[in-house]
Amino acid sequence: MRVIVLGGDGFCGWPSSLHLSAIGHEVTIVDNLVHRRIDVELGVQSLTPIAELPERLAAWHEKTGNTIGFEEIDVAVEYERLKSLIGVVRPDVIVHFAEQRAAPYSMKSSAHKRYTVDNNVNGTHNLLAAVTEAGVDAHVVHLGTMGVYGYETVPMDLPEGYLTVSYPDRNGDTHTRDILYPTQPGSVYHLTKSLDQLLFQFYAGNDGLRITDLHQGIVWGTQTAETALDPRLVNRFDYDGDYGTVLNRFLVEAAVGLPLTVHGSGGQTRAFININDTVRCIRLAIESGCEIDGCVRVMNQISETHRVSDLADIVAELTGAAVSRVENPRREADANDLSVRNDHLVGLGLDPIALRSDLLAAEIDLARAHSDRVDPARVPAESCWNRERVEAVESVIP
Ligand code: NAD
Ligand code: USQ
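Residues numbered from 1 in each chain as written. Chains lettered and ligands numbered in written order. Predicted model: local features only at pLDDT ≥ 70, side-chain atom pairs only at ≥ 80, totals over all residues. Heavy atoms only, no water.

### A closer look at the packing of aromatic side chains
To be explicit about the condition: The rule is short: rings of Phe, Tyr and Trp, with Trp giving its six-membered ring, pair when the centres are within 6.5 Å, and they are stacked under 30 degrees, edge-to-face over 60, tilted in between. Only runs of H or I of at least four residues qualify as helices and only runs of E of at least two qualify as strands under DSSP, and these elements are numbered from the N terminus. To sort residues, take the accessible area from a 1.4 Å probe on protein chains only and compare it with the maximum for the residue type: under 20% means buried, over 50% means exposed, and anything in between is partly exposed. Two thresholds decide whether a charge sits over a ring: the Lys NZ or Arg CZ must be within 6 Å of the ring centre and within 35 degrees of the ring normal.
By the definition in use, this model includes 3 aromatic pairs. Ring centres of tyrosine 105 and tyrosine 243 lie 5.7 Å apart, and the angle between their planes is 50 degrees; this geometry places the pair in the tilted category. A residue pair is termed long-range when its members are at least 10 positions apart, and tyrosine 105 in helix 5 (residues 103-106) and tyrosine 243 in the loop between strand 9 (218-220) and helix 8 (246-255) qualify at 138 residues. Aromatic pair phenylalanine 202 and tyrosine 203: ring centres 5.5 Å apart, planes at 85 degrees, arrangement edge-to-face. On the basis of relative accessible area, phenylalanine 202 is assigned to the partly exposed category, the value being 48%. The ring centre of tyrosine 151 lies 3.7 Å from the NZ or CZ of arginine 270, which sits over that ring.

Rendered as structure tokens:
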């Protein structure tokens, strides 16, 4: 299949692009390289030394003989270029990773909130409008987030996208329908993913676009079979207080002798997925896409759920690291239960990778190998969700 990967230079997009190319798909990456500029803005660098994208692509060709195309396009701004590329490539599938994806970054200031909304909502809408205007029957596969459901404890396994509701009409007869699960985003970033859902619902209904929205959990791990082929293909690994995600942060903190930064009580339960499963799920979503008809297909892309404090305890036991309970900069429930259905992807063949000590140990080894690249000053999570959180965090600074 011809596949355009929007955001193909990023943490999930790069290994997915390589895997799709390895199994014979014709891949074109679109990226405006903004995450590399955000690294400069934040004064951080990926734990792993990532090559420039042209060098990555040349290394891939050298190692495998496969060619991946690249177009530097800002999908949120350069609508005409995006539309024309879609018209020329006539892709069977467009995978959309190209969004600002860090919740703490989205909450740093009004400017960061506005950038995140402008970038993510315009990017998604430009894509849908361009596919429609170009008249190309491409299956759009979007990376959404589990965070659209919110994290209040509910007495059910979270369904995949839709909630079946029954309600009485004015004659007292009962009607049943599926509605989008009520969203409860916990940050401006998660809010943009909630807005994306409405854009998808509209274009699926109005223009018959074939759309899969993958509600992904927190990704952990770094390397895949393809990124491990050559040091120039290494995947990025964010550990800093804005872009680092919780388990990858704990692994780096442990590797460099810092305490594990558990926010609040650590009772937050979240869904997780290893990067190797992310890549498999993208393949499964793409290769099963012809069956979609009429409404948006939503699949929960998760392998398992864990409580943050349990993850800290597992990493501490493996490494002897200290666990530090820090004031939570986020406005979120201190503790929640979470149980999630992932029947769709399991039904398509996903065999989820569970957290295992050998996999965690491999990540810690990787972090130790690159420990000279870790800047301890960039580890604390300093982006506070609101004034009340600023005051709470400042009140405990010694
Ligand atoms: P990332 O920041 O590493 O990758 C995103 C890529 O998109 C970057 O290379 C960036 O330069 C590019 N990009 C952003 N805006 C763009 C624009 N306007 N035009 C062109 N390119 C643009 O993030 P990631 O971790 O790879 O996440 C990819 C997607 O997966 C995101 O949509 C994110 O919401 C979703 N997701 C990620 C995780 C996770 O834990 N990393 C979990 C769930 C969902
Ligand atoms: N946390 C800590 N200590 C840390 C960092 C985080 O206790 O050092 C806590 C947070 O307070 C939160 C939980 O860990 O309760 C998860 O935080 P995270 O940064 O790992 O995840 P999140 O902000 O939700 O965002 C990440 C990705 C995002 C994706 C989302 C999936 O950055 O792109 O959408 O995971 S999900 O969480 O399922 O919505």
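So much for the structure itself; the text now carries on.
### Observations regarding the side chain of arginine 236
Cut-off, in case you're wondering: Pairing of N or O atoms within 3.5 Å defines a polar contact, subject to two protein rules: one partner must be a possible hydrogen donor and the other a possible acceptor, and residues neighboring in sequence count only if both atoms are side-chain atoms. The contact criterion used is simple: two residues touch if any of their non-hydrogen atoms lie within 4.5 Å.
Here arginine 236 is to be found in the loop between strand 9 and helix 8. In this structure arginine 236 comes out as buried when scored by relative accessible area, which is 1%. Of the polar contacts made by the side chain of arginine 236, one reaches the side chain of histidine 35; its length is 3.2 Å. A polar atom in the side chain of arginine 236 sits 2.8 Å from the side chain of aspartate 238. With residues near it in sequence (within four places) discarded, arginine 236 still touches Gly10, Phe11, His35, Asp39, Ser46, Thr48, Ile50, Arg56 and Thr222.

### What to know about the site of ligand 1
Rules: Proximity criterion: a residue is near a molecule or strand once any of its heavy atoms comes within 4 Å of it. For the accessible areas, the method is Shrake-Rupley and the probe is 1.4 Å, while residue cover comes only from the protein chains on display. Put simply, Ala, Val, Leu, Ile, Met, Phe, Trp, Tyr, Cys and Pro go in the nonpolar bin, Asp, Glu, Lys and Arg in the charged bin, and everything else, Gly too, in the polar bin.
Around ligand 1, the surrounding shell holds 28 residues, and the nearest of these are Asp31, His35, Asn119, Tyr189 and Lys193. With respect to ligand 1, the backbone of valine 75 contributes an N or O atom lying 3.0 Å from a nitrogen atom. Interatomic distance of 2.7 Å between a side-chain N/O atom of lysine 193 and an oxygen atom of ligand 1. For ligand 1, the protein covers 97% of the area, taking 820 Å² as the surface of the free molecule. Elements with a contribution of two residues or more to the shell around ligand 1: helix 2 (34-42), strand 5 (139-145), helix 7 (188-207) and strand 9. By residue class, the composition of the shell around ligand 1 is 13 nonpolar, 8 polar and 7 charged.

### Looking at the sheet that holds strand 12 (residues 297-301)
Cut-off, in case you're wondering: Strand pairing is assigned whenever DSSP identifies at least 2 bridges connecting the two strands. Only C-alpha atoms enter the line fits that serve as axes; for helices the fit covers just the stretch in contact. Angles between N-to-C directions range over 0 to 180 degrees.
With respect to topology, 7 strands assemble into an open sheet ordered 3-2-1-4-5-8-12, the strand pairing being parallel. Two strands in the sheet have a free side with no partner beyond their single neighbour: strand 3 (69-71) and strand 12. Neighbouring strand axes in the sheet, compared pairwise and without regard to direction, differ in orientation by 20 degrees on average. In terms of strand pairing, strand 1 (residues 2-6) meets strand 2 (residues 26-30) through 5 bridges, oriented parallel. Within the sheet, the bridge partner assigned to arginine 2 lies in strand 2 and is glutamate 26. Helix 1 (residues 13-22) rests against strand 1 and strand 2 of the sheet, and its axis sits at about 160 degrees to strand 2. Across the sheet, helix 4 (residues 79-89) lies against strand 1, strand 2, strand 3 and strand 4 (93-96), angled at about 160 degrees from strand 1, the strand it touches most.

### What about the side chain of threonine 261?
Within the secondary structure, threonine 261 sits in strand 10 (residues 260-263). Separated by 2.7 Å, the side chains of threonine 261 and glutamate 253 make a polar contact. The residues contacting threonine 261, other than those within four sequence positions of it, are Arg249, Phe250, Glu253, Ser324 and Val326.

### Let's talk about empty space enclosed by the protein
Heads up, the rule is: Space inside and on the surface of the protein is sampled on a 1 Å grid over the protein atoms alone, with a cavity defined as a set of points where a 1.4 Å probe fits but cannot get out and a pocket as an open set with protein on both sides within 12 Å along at least 5 of 7 lines; lining residues have an atom within 4 Å of a point. Grid points are joined across faces, edges and corners, and a volume is the space filled by probe spheres set on the points.
Summed over all chains, the structure comprises 2 cavities of 30 Å³ or more. Roughly 80 Å³ of volume is contained in the largest cavity. Every residue lining the largest cavity is listed: Tyr149, Gly150, Tyr151, Glu152, Val154, Met156, Leu158, Tyr181, Asn336, Asp337, Leu338 and Ser339. Partitioned by chemical class, the residues of the lining of the largest cavity number 7 nonpolar, 3 polar and 2 charged. Here the second largest cavity is characterised by a volume of approximately 40 Å³. Together, Tyr162, Leu180, Gln197, Phe200, Gln201, Asp213, Val296 and Val298 line the second largest cavity. Top contributing element to the lining of the second largest cavity by residue count: helix 7, with 3 residues. For the lining of the second largest cavity, the class distribution of residues is 5 nonpolar, 2 polar and 1 charged.

### Things to note about the sheet that holds strand 13 (residues 304-307)
The 3 strands are arranged 9-11-13 in an open sheet whose pairing can be described as mixed. With partners counted over all chains shown, the strands left at the sheet margins are strand 9 and strand 13, one partner each. Within the sheet, the average angular offset between the axes of one strand and its neighbour, ignoring direction, is 45 degrees. The pairing of strand 11 (residues 269-274) with strand 13 spans 4 bridges and is classified as antiparallel. Across the sheet, the residue bridging to alanine 271 is threonine 305, located in strand 13. Contacting strand 11 and strand 13, helix 10 (residues 308-319) crosses the sheet at an angle of about 85 degrees to strand 13.

### Some points on the pairing of strand 10
The two faces of strand 10 match: Leu260 and Val262 on one face and Thr261 and His263 on the other face are all buried. Bridge count for strand 10 against strand 14 (residues 323-326) is 4 bridges, and the pairing is parallel. Looking across to strand 14, one finds that valine 262 is bridged to arginine 325.

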